[in-house]
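# Structure at a glance
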Amino acid sequence: MYPYPSNAGFQHLCESVFVRLCQIVGTSVQVAIRRETTDIGEMVYRRVADNDDVITLKSGSRREGFDLKGSDLDIMYWPNCHRVIFGMSQSEHYYTENKTFILSDNSESPPGFTLLELLTPATYRQIQSACVPMNDRLYISSSLFRQQTLKDGLPGSRTHGPCESGKGLSGLEYDFALCFACDFWPQAASSWINRCHSWPDREVVNEIVRNGCHFVPIGHPLGLHEHEEWRISFSLAEHKLVHSMNHCQFLTYGLLKIFLKEVIDKQSEETNKLLCSYHIKTVIFWAIQQNAVPLWCPQNLLVGFWVCFKLLLKWVYEGICPNFFIPENNLFLSKVHGSVQRKLFLELHGLYDKGLICLLQIPSIKDYVTNVLLNPRLSICTNEDIMISECDHDKDLFGEIDLNTYCLKKLDRCIKYLHTIELMIGEPLTQYQVLMLQRITATILQSTAFTLHNTLFSYTGLNKKMYISDRMICHMLKLAAKFGCISDMMYIAMFYYKTFTYKKALYITEMIKVKLAQPGLMYKNHVDPERYTEAVGGQSWSTKMRQAVSDDIRLNASTIINELTPEHHSALQNESDILYIPLFVLLHFVEFLCYRHIDTTLAQTALEELQVLVHHDQGRYVQVLKRDISWEILGICQQMTGNLPAALYSYQQSIRQFPANDIQNATQMRIQDLHIT
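Since we're looking at a predicted model, the values are computed, not measured.

When two helices pack together, their arrangement is given by the angle between their axes and by how far apart the axes lie. Here helix α11 (residues 301-318) crosses helix α12 (residues 338-353) at 155°, and the two axes come no closer than 9 Å. Viewed along their axes, α11 and α12 adopt a mutual orientation that is roughly antiparallel. Here α11 runs over α12; the crossing is left-handed. Only Gln341, Leu344, Phe345, Leu348, His349, Leu351 and Tyr352 of α12 make contact with α11, whose side of the interface consists of Trp306, Phe309, Lys310, Leu313, Val316, Tyr317 and Glu318. Of the residues belonging to the contact of α11 with α12, the class tally is ten nonpolar, two polar and two charged.

See below:
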């Protein structure tokens, strides 16, 4: 029953909500960009990972393709040299001398939970400290493991379920889960494989089973060994399932998450947070697999929403939320029961009685619902191709590419990455993955070039061999610039400065300035859509990236220039390896450094341009999170010219900024040096 005056009116309401959700959640193209750029970055990383590496996996709503306001950063990570097995015979699949084996023992645990017995000596201190003897065997205690992880984690973190949680410097909340990987599908979830008749398809099922599962450190609150037990995690499987949804199903999932946050959680303090996004995910998984909705399409979107809402209402009434993979695991147990269960049911039933009018209580979509109610014959276009402009589409794409690009500092790892990417070129890849690989390749070439230069310089010094190697290194950097964007040319200028070829460095900075002066420039999120479309509209993304896209510069141990060594050391002390510097700031900085050796008048001009930028930029070229390093660089230049009062003021301004780059120690040291002189 859908309380609406006519079928046509109901269809228009569905279409209107669909359009609004595309704006909030994203179109199918935007969602694909988020997923595929992350997928390919993680795929490359996993293929080059060594046995001693720690593997990281983005999880949570962002990994599923959402970009909702207030979303947490969810990351799972595990030691690659440790593997959980369900039987001793499974150890035969590995080179045993390279792995630490952990045996899953669920004989005394509730469904979905298990004890983990350490079979071979562990190399990680966190694991050694978390071991407890039971029945003449050694088990890894989940509670002790969490305590050790929190002790070694970020300052200000707290325990939240199996995770280390907190708020980062940028204000983004995070959930980090240190866990263990298993390459096998658990017997407890074997019934799920047999249930998959219509959804997901057999190829997805096989891939999910091949990828195995994980174990996160949290026990069942009613289990015999709550403090020792671990929960089986199906995060990888859930990603695959969400990615296999069609876009209408995914938007329905998004609407349910929004409904939970903006309506259900606002009903009363007593029932707030009783339900979570994992319950919502479980609801839509079951609804899709049970074919509860005949057709998932924009004109039918609210049918899916209503089916899921009724199923959730039923579960709350019964006090049973069956885990999608292990139905015997009741996700409501110990949480949704007793008086709060009855209160939550009455609140949800009150919303149910209102019918789809309850959508008016969702602030995010209220206006779109009202518009259709007032204009029932309103014609609504659900064509996604016209919902987002080419410029906005490209902005999302290049933003996600930048977010998933990483720096390397070890030469052997750089070479391994390049070889891995070479092998991947012949594989079937999406257009977004190809572009992401292109960007990663540019970054790896830069890291390889600078790492090689630093290594050779430390061994050979300045001689003929160094000259020959520098030509090869410079060729790599130029090749990277052809793969990458405008800002990648800055690495060529920095290399020329590091090798004392100042005129060549200045030639490159002039070329960069010409490109940055283009009216269609896309600098991070700043772009004139009309000018951008006029300049590169309709061209390939590779061409767009090379000719119209620019970003900030990341300097790590291999690419750092000498004048910023104290800042890099300060960042390292705070467990950060990278300095994030606005392109325009670094451009003027390198110009100033080069002109000091050629023309002091032009050096002063470069300094004045830098000063105007740092003092007066309103966030266009110097973002808030990069003001600390920008004021720092200005102070360094002023100190080098002997203007100590101005340098002191700049350093003091740097200290007052948000400490995103973790350079406070270096700034304090520079201030002390000023007082000494």
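It is worth spelling out the nonpolar core at this point. The tendency in soluble globular proteins is for nonpolar side chains to be buried as a group. Of all hydrophobic cores here, the largest spans 102 residues; its most connected members are Ile140, Leu301, Leu302 and Phe325. When residues in this core are grouped by element, the largest group, 13 residues, is from α11. Judged by nonpolar contacts, the second largest core, of 66 residues, contains Ile486, Phe495, Tyr497 and Phe592.

Counting across every chain of the model gives 37 aromatic pairs. With 5.3 Å between their ring centres and 55° between their planes, Trp185 and Phe234 make a pair best called tilted. Placement of the pair is Trp185 in the loop between β11 (180-182) and α6 (190-195) and Phe234 in the loop between β13 (230-233) and α8 (235-243), with a sequence separation of 49 residues. Each member of the pair, Trp185 as well as Phe234, carries the same accessibility label: buried. The interplanar angle of 80° and the centroid separation of 5.3 Å between the aromatic rings of Tyr523 and Phe584 together place this pair among those described as edge-to-face. Of this pair, Tyr523 sits in strand β14 (residues 522-523) while Phe584 sits in helix α23 (residues 583-595); the two residues are 61 residues apart in sequence, bridging distant segments of the chain. Taken as a pair, Tyr523 and Phe584 share a single burial class, namely buried. These aromatic residues form a ring-pair network of at least three members: Trp185, Trp192, Trp199, Phe234, Phe285, Trp286, Phe324 and Phe325. Positioned over the ring face of Phe66 is Lys257, at 5.2 Å from the centre of the ring.

We now examine the confidence of the model for the chain. On average, residues of the chain score 91 in pLDDT, and 97% of them reach the 70 mark or higher. Mean pLDDT across the secondary structure elements of the chain bottoms out at helix α17 (residues 464-483), with 84, and peaks at α23, with 98.

What follows is about a nonpolar patch on the surface. A surface patch of nonpolar side chains, amounting to about 230 Å² of accessible area, comprises Val624, Leu625 and Phe658. By the element assignment, Phe658 lies in the loop between α26 (644-656) and α27 (664-676). On the accessibility criterion, Phe658 (31% relative accessible area) is partly exposed.

Okay, the environment of Lys366 next. You can see Lys366 is positioned in helix α13 (residues 366-374). Between the alpha carbons of Lys366 and Val17 there is a distance of 9.3 Å; along the sequence they are 349 residues apart.

Take the pattern of salt bridges next. The final tally for this structure, using the stated rule, is 29 salt bridges. With a shortest N-O distance of 3.3 Å, Arg63 and Glu42 are connected by a salt bridge. Taken together, the residues Arg63 in helix α3 (residues 60-64) and Glu42 in helix α2 (residues 28-48) connect sequence positions 21 residues apart. Relative accessible area serves as the criterion here: at 7%, Arg63 is assigned to the buried category. A salt bridge links Lys416 to Asp50; its shortest N-O distance comes to 2.6 Å. Separated by 366 residues along the polypeptide, Lys416 in helix α15 (residues 411-424) and Asp50 in the loop between α2 and β1 (54-59) bring together distant segments of the chain.

What follows deals with the sheet that holds strand β9 (residues 163-167). Taking strand neighbours across the sheet as the criterion, the five strands line up as β1-β2-β10-β9-β8 in an open arrangement whose pairing is mixed. Here the strands that pair on one side only, and so sit at the sheet edges, are β1 and β8 (158-160). Across this sheet, the average inter-strand angle for adjacent strands is 30°, counted without regard to direction. When strand β2 (residues 73-79) meets strand β10 (residues 173-178), the two strands line up parallel, connected through five bridges. For Asp74, the partnering residue across the bridge sits in β10 and is Asp175.

Bringing the pairing of strand β4 (residues 100-105) into the picture now. Counting buried residues along β4, six of its six residues qualify, which places the element largely inside the surrounding structure. Alternating positions in β4 separate into two faces, Thr100, Ile102 and Ser104 on one and Phe101, Leu103 and Asp105 on the other, with burial throughout. Two strands pair when backbone bridges link them, and strand β3 (residues 82-85) and β4 are joined in this way by four bridges, in the parallel orientation. Its bridge partner being in β4, Val84 is matched across the sheet by Ile102. Here four bridges tie β4 to strand β5 (residues 113-118), and the two strands are oriented antiparallel to one another. Residue pairing in the sheet places Leu103 in a bridge with Glu117 of β5.

The rules behind the values
Residues numbered from 1 in each chain as written. Predicted model: local features only at pLDDT ≥ 70, side-chain atom pairs only at ≥ 80, totals over all residues. Heavy atoms only, no water. Axes fitted to C-alpha atoms, helices over the stretch in contact; angles between N-to-C directions. Helix = DSSP H or I, 4+ residues; strand = E, 2+ residues; numbered from the N terminus. Parallel < 35°, antiparallel > 145°, perpendicular 65-115°, else oblique. Left-handed = near helix turned anticlockwise from the far one by under 90°. Contact = heavy atoms within 4.5 Å. Nonpolar A, V, L, I, M, F, W, Y, C, P; charged D, E, K, R; others polar. Core = buried A, V, L, I, M, F, W, Y, C linked by side-chain atoms within 4.5 Å. Buried < 20%, exposed > 50% of the residue type's maximum accessible area, 1.4 Å probe, protein only. Phe/Tyr/Trp six-rings, centres within 6.5 Å; stacked < 30°, edge-to-face > 60°. Lys NZ or Arg CZ within 6 Å of the ring centre and 35° of its normal. pLDDT = per-residue confidence, 0-100. Patch = residues over 30% accessible without salt bridge, like charges linked within 9 Å, V, L, I, M, F, W, Y side chains within 5 Å. Areas by Shrake-Rupley, 256 points an atom, 1.4 Å probe, with all protein chains shown as cover. Salt bridge = Lys/Arg side-chain N within 4 Å of Asp/Glu carboxyl O. Pairing = 2+ DSSP bridges.

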